[in-house]
Amino acid sequence: MDYEEQLDRAMDEKPDIAGSESRFEVPEPNVRQEGNETIYENFPETLDRLSREQRHVLKFLQDDFGTSAQVDDAGRARFTGSFDQDRVAEALHEYVDEYVTCPECGLPDTHLTKEKGAELLVCDACGARSSV
């Protein structure tokens, strides 16, 4: 088998990853008002999908909203103040852009690590490392 045949065979057998970015979807936040608090009902599911630590995501959101936040016994995020679903979704997408999606290849196959005091986003797909 010559090189061209081997190359054709390899191309035929490779997994189809075109458009694989679409396999990653951030769940729409399910929020409701309770008194002067906004309850983010599906916060645990969002954390699972993002593969990020609860305190990291919560701190980002509370900083973005400019308010205090806590997680209740059911794992729901509770923010002081009134924030509608669109506002929470917007902040969540900002988090994904900054702390989940690889800036080089655009895939969500990343993890956060610290090196010499700097927080880095490391892509498991392409190997890129970028500071966040």
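A quick note: this is a predicted structure, and the numbers were derived from the prediction, not measured.

The next subject is the side chain of R78. Mapped onto the secondary structure, R78 falls in strand β4 (residues 77–80). You can call R78 buried: its relative accessible area is 13%. A distance of 2.9 Å separates a polar atom in the side chain of R78 from a polar atom in the side chain of E37. Residues within four places of R78 in sequence aside, it is in contact with E34, E37, T38, I39, S68, A69, Q70 and D72.

This part covers the nonpolar core. Counting residues in hydrophobic clusters, the biggest one holds 22 residues, and the most contacted among them are Y40, F43, L50, L61, F65, F79 and Y95. The set of elements that each furnish at least two residues to this core consists of α2 (43–50), α3 (54–65), β4 and α4 (85–99). Take this core: its biggest share by element is six residues, from α4. Every residue in contact with L50, bar those within four places of it in the chain, is listed here: F24, V26, L92, Y95, V96 and V100.

The rules behind the values
- Residues numbered from 1 in each chain as written.
- Predicted model: local features only at pLDDT ≥ 70, side-chain atom pairs only at ≥ 80, totals over all residues.
- Heavy atoms only, no water.
- Helix = DSSP H or I, 4+ residues; strand = E, 2+ residues; numbered from the N terminus.
- Buried < 20%, exposed > 50% of the residue type's maximum accessible area, 1.4 Å probe, protein only.
- Polar contact = N/O pair within 3.5 Å; in protein donor to acceptor, adjacent residues only side chain to side chain.
- Contact = heavy atoms within 4.5 Å.
- Core = buried A, V, L, I, M, F, W, Y, C linked by side-chain atoms within 4.5 Å.

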